[in-house]
Amino acid sequence: LANCDHDISVCDSKIQVSSVEKLLGFTISNTLCWDAHIEQLIKKCNSYLFLLSRIKVFLSKRNRILFYNSYILPHLDVCCIIWGNSSSTLEDKLVKFQKRAARVILGCDFYTPSSELFKELNRQKFPE
């Protein structure tokens, strides 16, 4: 189907071929790779992380963690067993996002080692 430029006919109805579709919150490609889904996922999570970075001065560390657990973590957790076996490039993007989120939650600068951040939050990096 990836190379088809025509529609599929089923019982006199034409079904248009698509390379990417969104279904139940997942972006699925006709090659079953998860690049588009993870790109959308990171984009959505970045918008929540931006909001958290703007309001973090008004929240305690505990409330910043609650915000992360409520608004961001569910997007990373849902069906990650399926798309978690992605390319190393996408995996790196997810880990970089996790590091940014940890820095926002803890109010640390870029030079704080991520291992310390994850240890303090009692979290693991994405592939683990």
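Provided above is the structure to which this section pertains.
The rules behind the values
Residues numbered from 1 in each chain as written. Predicted model: local features only at pLDDT ≥ 70, side-chain atom pairs only at ≥ 80, totals over all residues. Heavy atoms only, no water. Helix = DSSP H or I, 4+ residues; strand = E, 2+ residues; numbered from the N terminus. Buried < 20%, exposed > 50% of the residue type's maximum accessible area, 1.4 Å probe, protein only. Contact = heavy atoms within 4.5 Å. Areas by Shrake-Rupley, 256 points an atom, 1.4 Å probe, with all protein chains shown as cover. Salt bridge = Lys/Arg side-chain N within 4 Å of Asp/Glu carboxyl O.

### Examining the overall build of the protein chain
Working step 1: The helix and strand tally for the protein chain stands at five helices and four strands.
Working step 2: When the elements of the protein chain are put in sequence order from the N terminus, they spell out β-β-β-β-α-α-α-α-α.
Working step 3: Every one of the 128 residues in the protein chain was classed for burial, and the buried ones make up 28%.
Working step 4: Within the protein chain, counting contacts between residues at least 6 apart in sequence, those at least 24 apart form 52% of the total.
Working step 5: Here the protein chain displays about 8900 Å² of accessible surface, and carbon together with sulfur accounts for 55% of that area.

### A short note on the pattern of salt bridges
A side chain of one charge can pair with a side chain of the opposite charge if their charged atoms are brought near each other.
Working step 1: Under the criterion given, the structure shown has two salt bridges.
Working step 2: Among the salt bridges present, the one from Lys93 reaches Glu39, with a minimum N-O distance of 2.5 Å. Residue Lys93 is located in helix α4 (residues 88-106), and its partner Glu39 is located in helix α1 (residues 35-55); the two are separated by 54 residues in the primary sequence.
Working step 3: The exposure class assigned to Lys93 is partly exposed, which follows from its relative accessible area of 36%.
Working step 4: For Lys61, the salt bridge goes to Glu120, with nearest N and O atoms at 2.9 Å. Here the residue Lys61 occupies a position in helix α2 (residues 61-77), and Glu120 occupies one in helix α5 (residues 114-121), the gap between them amounting to 59 residues.
Working step 5: Here Lys61 falls in the partly exposed class, since its relative accessible area comes to 35%.
Working step 6: What makes Glu120 partly exposed here is its relative accessible area of 48%.

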